[in-house]
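# Fold and geometry: a report
Below, each chain spelled out in residue letters.
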Amino acid sequence: MKRLLLTLALGLIAGIGSHLAYYRFHEPAGTDTLEGQLAWMKTELKLTDRQFARIKELHQASHPKLRAMAAQVAQMQLEFGEFERSRRTTDQVDFLEFARFVEIRRNLNRACLDSTRQLVLASAEVMTPDQRQQYLALVANAEPLVGSLPN
Amino acid sequence: MKDLGRPRCYASGHNFNFCAMKPPPTDPLDPLLDRWSEVPEPPPRLAANVWQRIATGEKSRDPATGWWLSLQDWFARPVFATGFVVACAFLGLFLAELRVSHVQRERSAQLARSYLLLIDPLLNTPPADRKP
């Protein structure tokens, strides 16, 4: 009886110990920084050091601009919400102001798409056809980029 | 003249000194054992009755108890016990590998989403608002 319980306890300890040790050693590191994402891209697309250096350079160059644009887009969404709230509460719309807003947002969207397209195109040019195909599958959600990219 | 002292011992032709040996203390069982002179005859079919009682005892044993006892028998063997512990360790490794794969898939999907958000500022906007 005692021996059976001892063996069961040893088995439990061995199982849990090996599980925790293996998981801790192989646990994938998670990071949402640009460096972390580029490192993930390097692994996922099997980029060479030279390709990785070029792609990193491209992303680092465009990163501040894209972040600023993302902040502007968020600001425009807030402004749009404000327009909508004003229309519902007062039942009035300042059409001149709204037209100005629509124009700014249209220009911003165009600038965002251009920036993203340039970055994806420049990155895809560095890659081999197989890598490019995999990369395009990855950015397929960022339409309408795919249609403008070479195969 | 009567000898009232301790009985004397004599040894003739030998060197044994019986006087050195003390008489054993009397046991209360001795008289009873002395009276047990006749061994009774065993009842007929003694062996058959014994085996029948053993068989009845085994049948009336609880199945769970039997299973537990056989488990104990298996674990009493060192080879089996060692194998069990090693198997537990391998099972832990296997489950850890499954867990790592699962976490890796989730992390990859999360990094892909983060990357798309990074390169496409319009991804957070509703689809209708994305056209320039």
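Our structure is the block above this text.
Residues numbered from 1 in each chain as written. Chains lettered and ligands numbered in written order. Predicted model: local features only at pLDDT ≥ 70, side-chain atom pairs only at ≥ 80, totals over all residues.

## Description of unusual backbone geometry
The cut-off we apply is this: Helix and strand assignments follow DSSP, with helices taken as H or I runs no shorter than four residues and strands as E runs no shorter than two, numbered in order from the N terminus.
In this model, Lys 46 of chain A sits at a positive phi of 55°, which is unusual for a non-glycine residue. Relative to the elements of secondary structure, Lys 46 of chain A occurs in the loop between α2 (34–45) and α3 (49–90). The phi torsion at Arg 45 of chain B lies on the positive side, around 60°, for a residue other than glycine. Looking at the element boundaries, Arg 45 of chain B is found in the loop between α1 (29–35) and α2 (46–59).

## What to know about the environment of Ser 18 of chain A
In plain terms, the rule: Any residue whose C-beta has 12 or fewer other C-beta atoms within 10 Å is treated as exposed, any with 20 or more as buried, and any in between as partly exposed, C-beta atoms being built from the backbone.
Within the secondary structure layout, Ser 18 of chain A lies in helix α1 (residues 2–26). With 20 C-beta atoms packed within 10 Å, Ser 18 of chain A lands in the buried category.

## Focus: the packing of α2 of chain A against α3 of chain A
Residues and elements named next belong to chain A. Convention followed: Working convention: axes come from line fits to C-alpha atoms, limited for helices to the stretch in contact. Angles between N-to-C directions cover 0 to 180 degrees. For classification purposes, an angle smaller than 35 degrees is called roughly parallel, one larger than 145 roughly antiparallel, one from 65 to 115 roughly perpendicular, and anything else oblique. A clockwise turn of the near helix away from the far one marks a right-handed crossing, whereas an anticlockwise turn of less than a right angle marks a left-handed crossing. Residue pairs are scored as contacts if the distance between their C-beta atoms, which are placed from the backbone, is within 7 Å. Lys, Arg, Asp and Glu make up the charged group, whereas Ala, Val, Leu, Ile, Met, Phe, Trp, Tyr, Cys and Pro make up the nonpolar group; the residues left over, Gly among them, are polar.
One can describe the packing of α2 onto α3 by two numbers: an axis separation of 11 Å at closest approach and a directional angle of 150°. By the angle between their directions, the pair α2 and α3 is classed as roughly antiparallel. You can see that α2 and α3 cross each other, and the crossing is right-handed. In contact with Leu 34, Leu 38 and Lys 42 of α2, α3 contributes Phe 52, Ile 55, Lys 56, His 59, Gln 60 and His 63. In terms of residue class, the contact of α2 with α3 is made up of 4 nonpolar, 3 polar and 2 charged.

## Considering the environment of Thr 7 of chain A
Along the chain, Thr 7 of chain A turns up in helix α1. In this structure Thr 7 of chain A touches Phe 75, Ala 81, Phe 84 and Val 85 of chain B, once residues within four positions along its chain are discounted.

## Details of α2 of chain A
Our working rule: Residue count minus one, scaled by 1.5 Å, sets the expected span of a helix.
Over its 12 residues, α2 of chain A extends 16 Å from the first C-alpha to the last, a length consistent with the 16 Å expected when each residue adds 1.5 Å. Where α2 of chain A is buried, its residues touch α4 (78–119) of chain B. Lys 46 of chain A sits one or two residues past α2 of chain A and shows a positive phi near 55°.

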